[in-house]
Structure formats: C-alpha cells, structure tokens
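Breakdown of the fold
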Amino acid sequence: KSFDLPVASKTPVIPGKSSTAFLAFGSNVGDRLSNIQYAIDLLAAHPEVEVRQVSSIFESEPMYFQDQRLFLNGCIEVETQLIPRELLELCKQIEYEELKRVKEFDNGPRSIDLDIIFYKNGDGDHIVLTTEDLVIPHPRLLERTFVMEPLCELISHDEVHPVTAEPVFVHLNQVYDQERDADILWKVIPLPQVDGKDRFLKFKNKPKSGITANSDVPVSDTISPTLTMGILNTTPDSFSDGGCFNDNLDLQLSRVKSIVQEVLNLSKQVIIDIGGCSTRPNSKQATLQQEIERTIPLLRAIRACSSLPQSQMVLSIDTYRSEVAQLAIEAGVDVINDISGGKFDPKILSVVAKNPNVAYAMSHIRGSIHNMNEKTNYDEGFESDDVRERCGGLEFPEGKAPLIRVLGRELASQYTTAVGFGVKRWQILLDPGIGFAKHSAQNLEIIRNLGILKNYSMQTNSTFVNFRNIPVLVGPSRKKFIGHITGDTKNASDRDFVTGAVASACVGYGADIVRVHDTANCVKSIKMADALYRSL
Ligand SMILES: Nc1nc2ncc(COP(=O)(O)O)nc2c(=O)[nH]1
Ligand SMILES: Nc1nc2ncc(COP(=O)(O)O)nc2c(=O)[nH]1
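Let me sum up the structure you'll find in this document. (Residues numbered from 1 in each chain as written. Chains lettered and ligands numbered in written order. Predicted model: local features only at pLDDT ≥ 70, side-chain atom pairs only at ≥ 80, totals over all residues. Heavy atoms only, no water.)

Quick look at the sheet that holds strand β16 (residues 394-395)
Here four strands make up an open sheet; going across it, the order is β16-β15-β18-β19 and the pairing antiparallel. Of all strands in the sheet, those bounded by a partner on one side alone are β16 and β19 (464-466). As paired elements, strand β15 (residues 388-391) and β16 share two bridges and run antiparallel to each other. Across the sheet, R390 pairs through a bridge with E395, a residue of β16. Here helix α9 (residues 402-420) sits on the sheet in contact with β15, β18 (456-459) and β19, set at roughly 70° to β18. (Pairing = 2+ DSSP bridges. Helix = DSSP H or I, 4+ residues; strand = E, 2+ residues; numbered from the N terminus. Contact = heavy atoms within 4.5 Å. Axes fitted to C-alpha atoms, helices over the stretch in contact; angles between N-to-C directions.)

Some details on the site of ligand 2
As a structural note, the neighbourhood of ligand 2 is formed by 16 residues, with D318, N337, D431, K479 and R515 the closest of them. For ligand 2, an oxygen atom lies 3.3 Å from a polar atom in the side chain of N233. The separation between an oxygen atom of ligand 2 and a polar side-chain atom of K479 is 2.7 Å. If ligand 2 stood free it would expose 400 Å²; the protein chains cover 98% of that surface. (Near = heavy atom within 4 Å. Polar contact = N/O pair within 3.5 Å; in protein donor to acceptor, adjacent residues only side chain to side chain. Areas by Shrake-Rupley, 256 points an atom, 1.4 Å probe, with all protein chains shown as cover.)

Observations concerning the layout of surface pockets
Roughly 910 Å³ of volume is contained in the largest pocket. Along the walls of the largest pocket sit 34 residues, with R52, Q53, E77, S462 and F464 positioned nearest its centre. The set of elements that each furnish at least two residues to the lining of the largest pocket consists of β1 (19-27), β2 (49-54), β4 (71-80), α9 and β19. When grouped by side-chain class, the residues that make up the lining of the largest pocket number 11 nonpolar, 15 polar and eight charged. (1 Å grid on protein atoms, 1.4 Å probe; cavity = no way out; pocket = protein on both sides within 12 Å on 5 of 7 lines; lining within 4 Å. Points joined across faces, edges and corners; volume = space filled by probe spheres on them. Nonpolar A, V, L, I, M, F, W, Y, C, P; charged D, E, K, R; others polar.)

Digging into the site of ligand 1
Lining the immediate surroundings of ligand 1 are 15 residues, of which S60, E61, N73, D115 and R144 lie closest. Here E61 contributes a backbone N or O atom positioned 2.7 Å from a nitrogen atom of ligand 1. Within the side chain of D113, a nitrogen or oxygen atom sits 3.2 Å from an oxygen atom of ligand 1. Elements represented by at least two residues in the shell around ligand 1 include exactly β4 and β5 (113-120). Partitioned by chemical class, the residues of the shell around ligand 1 number five nonpolar, four polar and six charged.

Some details on the side chain of R366
Residue placement: R366 occurs in the loop between β14 (359-363) and β15. Take R366: its relative accessible area is 10%, and that puts it in the buried class. (Buried < 20%, exposed > 50% of the residue type's maximum accessible area, 1.4 Å probe, protein only.)

A look at the packing of helix α3 (residues 145-154) against helix α4 (residues 168-176)
Between α3 and α4, the least distance of the axes is 10 Å, while the angle of their chain directions is 135°. Between α3 and α4, the interaxial angle falls into the category oblique. Crossing of α3 over α4 shows left-handed handedness. Where α3 approaches α4, its residues T145, M148, E149, L151 and C152 are matched on the opposing element by V168, F169, H171, L172, V175 and Y176. Classifying every residue of the contact of α3 with α4 by side-chain character gives eight nonpolar, two polar and one charged. (Parallel < 35°, antiparallel > 145°, perpendicular 65-115°, else oblique. Left-handed = near helix turned anticlockwise from the far one by under 90°.)

Points about the packing of aromatic side chains
Scanning the model with the defined rule gives four aromatic pairs in all. With a centroid separation of 6.3 Å and 45° between ring planes, the pair formed by F396 and Y456 is classed as tilted. Remark: Y456 occurs in strand β18 and F396 occurs in the loop between β16 and α9; sequence separation between them is 60 residues. Geometrically, the ring pair formed by Y456 and F467 is tilted, given 5.8 Å between the ring centres and 35° between the ring planes. Linking Y456 in strand β18 with F467 in the loop between β19 and β20 (473-474), this pair joins segments that are 11 residues apart in sequence. Taken individually, Y456 and F467 each receive the classification buried, so the pair is uniform in this respect. In this structure, K202 is placed above the aromatic ring of W186, and the distance from its NZ or CZ to the ring centre is 5.4 Å. When the ring centre of Y378 is taken as origin, the NZ or CZ atom of R366, which lies over that ring, is 3.8 Å away. (Phe/Tyr/Trp six-rings, centres within 6.5 Å; stacked < 30°, edge-to-face > 60°. Lys NZ or Arg CZ within 6 Å of the ring centre and 35° of its normal.)

Section: the environment of S440
Along the chain, the position of S440 falls in helix α10 (residues 440-448). Judged by relative accessible area, which is 17%, S440 ranks as buried. Between the C-alpha atom of S440 and that of G367, which follows or precedes it by 73 residues, the distance is 18 Å. Among all residues touching S440, those that are not within four sequence positions of it are K480, F481 and H484.

Digging into the pairing of strand β3 (residues 57-60)
The side-chain alternation of β3 yields two buried faces, one formed by I57 and E59 and the other by F58 and S60. Both β3 and β4 contribute to a ladder of three bridges, which runs antiparallel. Residue pairing for β4: E59 is matched across the bridge by L72.

Focus on the pairing of β1
With nine of nine residues buried, β1 is to be regarded as a mostly interior element. Residue alternation in β1 divides its side chains into two sets, S19, A21, L23, F25 and S27 and T20, F22, A24 and G26, and both sets are buried. In this structure, β1 lies alongside β4, joined through nine bridges in antiparallel fashion. The residue of β4 that forms the bridge with T20 is E79. Of the pairings in the sheet, the one linking β1 to β5 comprises seven bridges and is antiparallel in character. Its bridge partner lying in β5, A21 is registered against Y119.

A look at the nonpolar core
Ranked by internal contacts, the top residues of the largest apolar core, which has 86 residues, are I272, L299, I302, I336 and F467. Once residues within four sequence positions are removed from consideration, I272 is found in contact with G230, V256, I259, V260, M313, V314, L315 and S316. The next biggest cluster of nonpolar side chains, apart from the first, holds 35 residues, and it includes L33, L82, L99 and I112. (Core = buried A, V, L, I, M, F, W, Y, C linked by side-chain atoms within 4.5 Å.)

Right, dumping it as structure tokens:
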C-alpha cells in the first residue's frame, strides 16, 4: 500500500502485523448510548478492524461551547490493518454517512464524534503525524479529561505520549491537580430507558493521585452518594428472611413499596434486588422452573405498578442462570446480579452482552455453593513473576495486602472472560463476594481493603486489566462474620442493627453500592456515612 502521508516517524503499518489504535467517542445528540453502540458495531463490522476494548462511559459538560446537551464520552481500543488515513476515512464515514452527523459549527452538538487519539504500528511504535486534516496524537488530548480518563482505563500506567514522552497517566493527574470541577466526570452505567428518558447509575470519584497501596486505609476516592440495594428474597429457605415473602405476590409488592419509600426518603435512587434461589452455603438450589415462577411474575407486577416511581427504581435480579436473566430482562429488569460472576452458567455473559444497557454485577466466588467454604486458602501460588500488580498506578510494596490482590487477580480473570463474551466494561459492577469462599476474618479484611480493590490493576505480557472507575457493590447484610463478632450467631435477622454499622464502614472504605435486607435502618446509616466520609 502506498502511503500518501508525510510520516514524521516510523512506518504506520508493518506488513503482516496489525496496528493498534485508540479512538475517542463523544455524543450529545439523540439517543447517545445507541449512537455509541452503533458506532462501535460499525467499527467491529469492518473486515480490517477488530474492537479489542471499550472503556467506561462518562457524562460531562460541553468543554468549549457550553450551550448544548451533556456529552457521553469514552475510548475504544482497536486492532487494525488500516493505515491512519484509511482509519480516518472509516471514522468520517461512520459519523456522516451512517450516523448522519450534521456539523453545524466547531465544538457544536454531534450524534457521534470519532477521533483517532493514538496509532501504534505492529511493532508497538507510536506513529506521530501532522497533516492539515489528520494529526496524531490528537492535538487536544492533553487538555481533555473526557478523553484521558477513559483512555487510562485501557492503557498501562507506563504508556507515554510520543511527543511529550510523559506517561498519559501523569498528564491526567496534572490536569486534575488544577482542581477544576468541570474536569471531574460522572461515570455512568446506562440502564434501559423508561418513557424515552435516559436512566443511569452514576458515580463520581475524586482523582486518583492520592490513592496508593502504602496508605494503610486508602481513603475512599468516591465522592458521589452511596446507593442502597434493598433485598427481596422470594425463596422459602433464604438464610436470613426465609419464607416470609415467598409465593405471596401482594405481600411481596407491599414489601417493594416499603423498600422504595424508605430508600427514596433519603436517596434519589433505589435498587431492589429480587432473589428466587437462595445462595446460603450448602443450601438446596431451587430448580430453574421454581426460580422463574418466584421472580418473573413479581418483576412484571412491579413494572406494571403505576403507583411506583419507575424511573427512580432500579430493578435487579439475583441469579446465576442465563435463562432467568433473559426472562428478567424481558420483564424490565435493569441489573443482572450474578453471585457466580459468570462461572456457574457462562451463557449468562452472552445474555448480558446482547443488552448493553443492562448492568452486570459480577461477584467473586470460588467453587460452588456447596464447596466454596472449603476454598478459603488465598496463599497458594501467590507470587508469579509474569503478573505486575498495582494500586492506583503504584507497585504494591512487598507482601502488602495479599488477600485483596489474589481476589483482584481472580476478579480480573472473570472480567477478561466477560469482556471476551462481549460484555462492555461500562455495564460492570464489581462485588468481592462477602461470604462466598471467604471466612470471617477474610470478609473483614476485604471490606477494609475495598479502596485497594477499586484501584487495582494487573498486567501480563498479553493483558492489562484496570478496575479504575468500576463501581463496587458489597453485600455484608446479616452475614455470619457479623454474628462471629457480635455473638448473634443464632438468628440472622438479629444482625440487622449491626449491619447498619457495617454498611457505614463499607461506605467509609469506598463502597459505591451496599446490598442490605433492613433498608429502613441501613439507608440512614449509609446517609450518615455519606455525610461523614464524603461530606455529602
Ligand atoms: N464534554 C465534551 N465536550 C466537548 N466539546 C467539544 C468537542 C469537540 O471535539 P473535537 O475537537 O474532537 O471536534 N467534543 C466534546 C466532547 O466530546 N465532550
Ligand atoms: N451481589 C451480591 N449478591 C448477593 N446475593 C446473595 C447473597 C447472600 O444471600 P442473601 O440474599 O440472603 O444476602 N449475597 C450477595 C452478595 O454479597 N453480593
């Protein structure tokens, strides 16, 4: 192929080797999420382009020309045989022909904007290019957190900008150090629209520069209100509220109404987690049919209930079965809460991937419901030299936080599997799986180290996984580790009062969502913790 570009540095394409390019997307016209998803699908449909990774989605104020809608932004990593010029043509074709972008004026509204940020040839060398209509790296990259923040989820902390020779990560922190509010973005998890209106789970983090593995208790970097997830177990044998709600739809609906009332009294959004199959250690698993009968009619009844505030109510289904997840999505669920993190029924990952506007709570577990509590040895095979682990971009000090690092590594491998099935990073919530293949002391240590998990990244010679900006959901409610400390070892519901204290601690340690039974008590504890730890 002849290159019609004056190339200021290495050859753009090495014969027989694919190049890697990082693109930035932005949209603030029409159905922004659909525009983004469509642009990604069009890129992936091109025979010489493979979409490798997609970042979180962020919502931000227009940067230059204020009088327009909020933008949704993110980044995409592609592998391609296209040379830069051809890649630019493809982006323009997607913008103007497929998504009918109308360019009214510079920095104005657009259905989709696809910019080439970086382009590296098959040897991994950055291509630096300056022509009148194509400049690589993107000339305004270093002033834009709505590009650098999502980009820093996809590239190693060591990746340097080819012109400044400084890590992009350092440039990002330099912008944050200017402490401009507009630079701090909302991380948004898209949910199905209700009445044509966008719905999101939204989170905001303080810039990361202060978080390191050295700080004994990494101060929570979350500055957005903690969300409460109220539990409604419809199983006769659930360990903590067995039998009181099962097979009585009216009673279940009135419980939903009280959860909604209690939480919305102190919060703008309520998540309700409907469970039809107990996951208590060694519990007898409901059949598929039983689980469907216990949950799907209830989901439909909730969605059909006009007196409930549908747009503020986020519905979650606690299931590890792909069939239940599919039916739940058809019945109007917003979140698939999978305590197996895709391990018990990997087809659930395909169901999630086909619904990019449904969130996926991916929990850590080992083994099965029946043998998980024999698998609590996290010391085996800890040191392996081909894995580089970091916290907030800094290497872990020797021997620091071994448990949360193994947990991080195992969750990173579940994450890689999920992304391999087509699940988008922007859908994912992380859950360390309190009580699932952990003993009591380990549950306490995990809660203490949530800040490290949130800032964990691991790199091997083939993969890079960074949990930056992925919200953490924690489920400590009424669990045995509480009883071990307080002496309430008999009835789980005796642990409600103390669960409130544990929920506050989870907020202090950085939890974004806390999953609780006793919402009346816990939503107040969470609100108090938001005031104390996040000055909200
Ligand atoms: N928040 C936000 N503001 C913006 N302002 C201008 C442009 C114009 O960008 P261009 O220079 O690449 O056309 N893009 C955005 C954007 O994507 N997000
Ligand atoms: N995401 C998530 N889901 C869960 N579902 C059930 C249980 C245990 O059973 P319960 O419903 O009686 O609390 N724990 C969790 C948890 O810790 N995290």
